[in-house]
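What follows is each chain in one-letter form.
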Amino acid sequence: MRKTDTVNCTLVTARGVHLLEVRLAATFLKRFAGLMFRDALQPCQGVLLTPCSSVHCAFMRCPIDVVYLDSGGVVTKCVRGLRPWSGSFGNAGRNVQGRRFGRTVHTLELVCGAIDSLGIAEGDQLHHPHWDRMHQYPRSVLAADHGQRGASMIEFTIVGPLITML
């Protein structure tokens, strides 16, 4: 990742506060491209896909860890070692207590093994300048940001047939 594309964020876990370099992917094309055809992330780097409640690993070169977040940056689900040519949904399934996972709004992609090494678990929180911007303005001003709901499904309809053919 280029330094100009990244923002320093803090991830608060039970093991402490961790500093991450996170690239924000907030447009359809940036979310769709994600980490496709790119080299592996470094240990303290990540990509924040927003809004995004599911991911695909089509055309990726290495496995990743995926952390799903709610609208405030609180971790709702962790997926370890998502392999290339696979996918994951943030709201699907149940946690260890048997409850359904919370509503996923954002997705954080990290290097494989980051969830275990940083001790990320449900309830931990990512602090990112994007959240500050979201809470700074009234909801009516941000209505334009919600126009991309369903973009994950459009991405899947494009990538799904490619995965099937391969």
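So, here is what we can say about the structure in this document.

Conventions used here
Residues numbered from 1 in each chain as written. Predicted model: local features only at pLDDT ≥ 70, side-chain atom pairs only at ≥ 80, totals over all residues. Heavy atoms only, no water. Pairing = 2+ DSSP bridges. Helix = DSSP H or I, 4+ residues; strand = E, 2+ residues; numbered from the N terminus. Axes fitted to C-alpha atoms, helices over the stretch in contact; angles between N-to-C directions. Buried < 20%, exposed > 50% of the residue type's maximum accessible area, 1.4 Å probe, protein only. Phe/Tyr/Trp six-rings, centres within 6.5 Å; stacked < 30°, edge-to-face > 60°. Polar contact = N/O pair within 3.5 Å; in protein donor to acceptor, adjacent residues only side chain to side chain. Contact = heavy atoms within 4.5 Å.

## Re the sheet that holds strand β6 (residues 75-82)
Read across the open sheet, the seven strands follow the order β6-β5-β8-β3-β2-β1-β9; overall the sheet is mixed. Only two strands of the sheet have a single neighbouring strand rather than two, namely β6 and β9 (125-127). Averaged over all adjacent pairs, the angle separating strand axes in this sheet is 30 degrees, with direction ignored. Note: strand β2 (residues 16-25) against strand β3 (residues 45-49), five bridges, orientation parallel. From the neighbouring strand, Leu-24 faces β3, where its bridge partner is Leu-48.

## Section: the pairing of strand β1 (residues 6-13)
When β1 meets β2, the two strands line up antiparallel, connected through eight bridges. Bridge pairing in β2 links Leu-11 to His-18.

## Overview of the environment of Leu-48
Relative to the helices and strands, Leu-48 resides in strand β3. Classification of Leu-48 as buried rests on a relative accessible area of 0%. C-alpha separation for the pair Leu-48 and Leu-110, spaced 62 residues apart in sequence, amounts to 9.0 Å.

## Comments concerning the packing of aromatic side chains
With the rule as written, the count across this model stands at one aromatic pair. Their ring planes at 65 degrees and their centres at 4.8 Å tell us that Phe-59 and Trp-85 sit as a pair that is edge-to-face. One end of the pair, Phe-59, is in the loop between β4 (54-56) and β5 (64-69); the other, Trp-85, is in the loop between β6 and β7 (87-89), with 26 residues separating them in the sequence. Assessed through its relative accessible area of 33%, Trp-85 is described here as partly exposed.

## Points about the side chain of Thr-104
Note that Thr-104 resides in the loop between β7 and β8 (106-111). The exposure class of Thr-104 is buried, given its relative accessible area of 2%. Within the local environment of Thr-104, its side chain forms a polar contact with the side chain of Thr-76, the two groups lying 3.4 Å apart. A distance of 3.4 Å separates a polar atom in the side chain of Thr-104 from the backbone oxygen of Gly-90. Residue contacts for Thr-104: discarding those within four places in its chain leaves Cys-52, Ser-53, Tyr-68, Leu-69, Thr-76, Gly-90 and Asn-91.

Geometric descriptors of this kind do not, in isolation, establish any biological role.
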